[in-house]
Amino acid sequence: MKNLKLVFLIFDEGVRPDIMEVLDKHGVKGWTTWRNNSGNGEGGPKQGTAIWPGLNDVIMMAIEEEKVQPIIDDVHEVQDSFPVRPGIRFIVTDAQFC
């Protein structure tokens, strides 16, 4: 068994290409994604409707602990590069890969 970190990356669907570029840069090969998710957060509701436009995507990955912070830092750089900051959140917890 390997001890890894389980990382959920929740982000505005519009920044998906930028997020994938960061994951490629850090050599993340294994991940699972959920696309077109509605939700509510600090930026308000995202329901994919005319009243509450936009949706979120989610990527789940089990990665080595030393990769977590560099990925977080690079994703936040992406977030800061937009005139209107897209919603991006990380959930990081311990995981065992069996």
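Residues numbered from 1 in each chain as written. Predicted model: local features only at pLDDT ≥ 70, side-chain atom pairs only at ≥ 80, totals over all residues. Heavy atoms only, no water.

### Side note on the environment of Ile-19
Now for step 1: Position of Ile-19 among the secondary structure elements: in helix α1 (residues 16-25).
Now for step 2: Sequence separation of Ile-19 and Ile-88 is 69 residues, and the distance between their C-alpha atoms is 9.9 Å.
Now for step 3: Apart from residues no more than four positions distant in its own chain, Ile-19 is found in contact with Leu-9, Phe-11, Ile-59, Val-75 and Ile-88. (Helix = DSSP H or I, 4+ residues; strand = E, 2+ residues; numbered from the N terminus. Contact = heavy atoms within 4.5 Å.)

### What about the sheet that holds strand β1 (residues 2-12)?
Now for step 1: With antiparallel pairing, four strands are arranged side by side in an open sheet as β2-β5-β1-β6. Strand pairing shows two members of the sheet lacking a second neighbour, β2 (32-37) and β6 (88-97), which therefore form its edges. Direction aside, the axes of adjacent strands within the sheet are offset by 15° on average.
Now for step 2: In terms of strand pairing, β1 meets strand β5 (residues 56-63) through eight bridges, oriented antiparallel. Residue pairing across strands places Leu-9 opposite Ile-59, the latter belonging to β5.
Now for step 3: The strands that helix α2 (residues 65-80) touches are β1, β5 and β6; relative to β6, the one it contacts most, it runs at about 165°. (Pairing = 2+ DSSP bridges. Axes fitted to C-alpha atoms, helices over the stretch in contact; angles between N-to-C directions.)

### Focus on the side chain of Arg-16
Now for step 1: Tracing the chain through its elements places Arg-16 in helix α1.
Now for step 2: Engagement of the side chain of Arg-16 in a polar contact is seen with the side chain of Asp-57, the distance being 3.2 Å. (Polar contact = N/O pair within 3.5 Å; in protein donor to acceptor, adjacent residues only side chain to side chain.)

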